[in-house]
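Chain by chain, the residues:
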Amino acid sequence: MKKVLVLYYSRSGNTEKMAKAVAEGAQSVNGVEVQLNYHVEPPELLGFDAIIVGAPTYRKEMPVEFKNLFDEAAAEGINLKGKIGGVFGSYGWSGEATKLVQEVMQSTFGMQVTEPPIDAKYIPDQKALDACRNLGKRVSESLMNHV
Ligand SMILES: Cc1cc2nc3c(=O)[nH]c(=O)nc-3n(C[C@H](O)[C@H](O)[C@H](O)COP(=O)(O)O)c2cc1C
């Protein structure tokens with residue numbers, strides 16, 4: 001069984017809607033177990049084959065919870081090299097968070113984030129939710145092809 005974590009932060013529910021769609025897409029592939037969560041401790045990251053992060057932008061930044069998680073994981077030497085990653089998030093006008101998360105996943109942890117982030121302006125519309133479902137599905141499919 002391959003394991004996918006969909007980790008998200010959401011204050012007003014917009015990124016949460018996206019997270020649920022990502023998780024639904026990831027779960028649609030046989031042989032994959034999905035955990036949808038808003039908090040994990042750094043060592044728990046090691047238990048997943050793929051990590052998809054949902055980060056809304058607040059004050060041009062990623063949520064401080066994720067900043068802390070990544071800082072602590074790096075300080076603890078948590079090795080995520082080669083794990084598959086994905087990023088999505090809601091924003092209002094500038095939308096820095098998803099790019100910042102992608103940068104950390106790639107540069108600090110050496111994760112394979114092959115897809116561009118999915119960004120939705122405020123409440124995700126049907127098109128954005130479909131894109132989220134597809135992201136989850138493609139991540140799961142790539143895990144199954146990686147046996
Ligand atoms: C205090 C505050 C600061 C914000 N700062 C930004 C910002 O710097 N850039 C941006 O694109 N959106 C910003 N937004 C808009 C949020 O990203 C947007 O409302 C988003 O849909 C929130 O997602 P969530 O419901 O998942 O928390 C801000 C919203 C609030 C309330």
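Right above here is the structure, for reference.
Here's what I pulled together on the structure shown here. (Residues numbered from 1 in each chain as written. Predicted model: local features only at pLDDT ≥ 70, side-chain atom pairs only at ≥ 80, totals over all residues. Heavy atoms only, no water.)

**Here we look at the site of the ligand**
Alright, step 1. What surrounds the ligand is a group of 18 residues, the closest being Ser 10, Ser 12, Thr 57, Tyr 58 and Ser 90.
Alright, step 2. The separation between an oxygen atom of the ligand and a polar side-chain atom of Asn 14 is 2.8 Å.
Alright, step 3. Between the ligand and the protein, one listed contact pairs an oxygen atom with a backbone N or O atom of Lys 60 at 2.8 Å.
Alright, step 4. Protein coverage of the free-state accessible area of the ligand, which is 650 Å², stands at 83%.
Alright, step 5. Comparing atom positions with the cavity grids shows the ligand to sit within the largest pocket.
Alright, step 6. Listed by contribution, the elements that provide at least two residues to the shell around the ligand are helix H1 (14-27) and strand E4 (84-91).
Alright, step 7. Its residues assigned to classes, the shell around the ligand shows five nonpolar, ten polar and three charged. (Near = heavy atom within 4 Å. Polar contact = N/O pair within 3.5 Å; in protein donor to acceptor, adjacent residues only side chain to side chain. Areas by Shrake-Rupley, 256 points an atom, 1.4 Å probe, with all protein chains shown as cover. 1 Å grid on protein atoms, 1.4 Å probe; cavity = no way out; pocket = protein on both sides within 12 Å on 5 of 7 lines; lining within 4 Å. Sits in = over half its atoms within 2 Å of the grid points. Helix = DSSP H or I, 4+ residues; strand = E, 2+ residues; numbered from the N terminus. Nonpolar A, V, L, I, M, F, W, Y, C, P; charged D, E, K, R; others polar.)

**Regarding the pattern of salt bridges**
Alright, step 1. Inspection of every chain in the model, using the stated rule, returns six salt bridges.
Alright, step 2. Between Arg 133 and Asp 130 there is a salt bridge; the shortest N-O distance is 2.8 Å. Taken as a pair, Arg 133 and Asp 130 lie in helix H4 (residues 126-145) at a separation of three residues, close to a single helical turn.
Alright, step 3. Through salt bridges with shared partners, one network takes in Glu 24, Asp 130 and Arg 133. (Salt bridge = Lys/Arg side-chain N within 4 Å of Asp/Glu carboxyl O.)

**With respect to H4**
Alright, step 1. Its 20 residues place the ends of H4 28 Å apart at the C-alpha level, agreeing with the 28 Å of an ideal helix rising 1.5 Å per residue.
Alright, step 2. Listing the buried residues of H4 in full gives Ala 128, Leu 129, Cys 132, Leu 135, Gly 136, Val 139, Ser 140 and Leu 143. Projection of H4 onto a plane perpendicular to its axis shows the buried side chains occupying an angular sector of 120°, all on one side. What points out from H4, more than 90 degrees from its buried face, is the exposed set Gln 126, Lys 127 and Asn 145.
Alright, step 3. Elements that come into contact with the buried residues of H4 comprise strand E1 (2-8), H1, strand E2 (32-37), strand E3 (50-54), E4 and strand E5 (118-121). (Expected span 1.5 Å × (residues − 1). Buried < 20%, exposed > 50% of the residue type's maximum accessible area, 1.4 Å probe, protein only. Arc of directions from axis to C-beta. Contact = heavy atoms within 4.5 Å.)

**Describing the side chain of Thr 98**
Alright, step 1. Relative to the helices and strands, Thr 98 resides in helix H3 (residues 97-108).
Alright, step 2. By relative accessible area, which is 1% here, Thr 98 ends up buried.
Alright, step 3. Polar contacts involving the side chain of Thr 98 include one to the side chain of Asp 119, which spans 2.6 Å.
Alright, step 4. Not counting the four nearest positions on each side in its chain, Thr 98 is found in contact with Ala 55, Val 87, Phe 88, Gly 89, Pro 117, Ile 118 and Asp 119.

**Here's the deal with the sheet that holds E5**
Alright, step 1. Read from one edge of the open sheet, five strands run E2-E1-E3-E4-E5, paired in parallel fashion. Single-partner strands in this sheet number two, and they are E2 and E5. The average undirected angle you get between the axes of adjacent strands in this sheet is 15°.
Alright, step 2. Across five bridges, the pairing between E3 and E4 is parallel. By the bridge assignment, Ile 51 is partnered in E4 with Gly 85.
Alright, step 3. Against the sheet, H3 makes contact with E3, E4 and E5, and its axis sits at roughly 165° relative to E4, the strand it touches most. (Pairing = 2+ DSSP bridges. Axes fitted to C-alpha atoms, helices over the stretch in contact; angles between N-to-C directions.)

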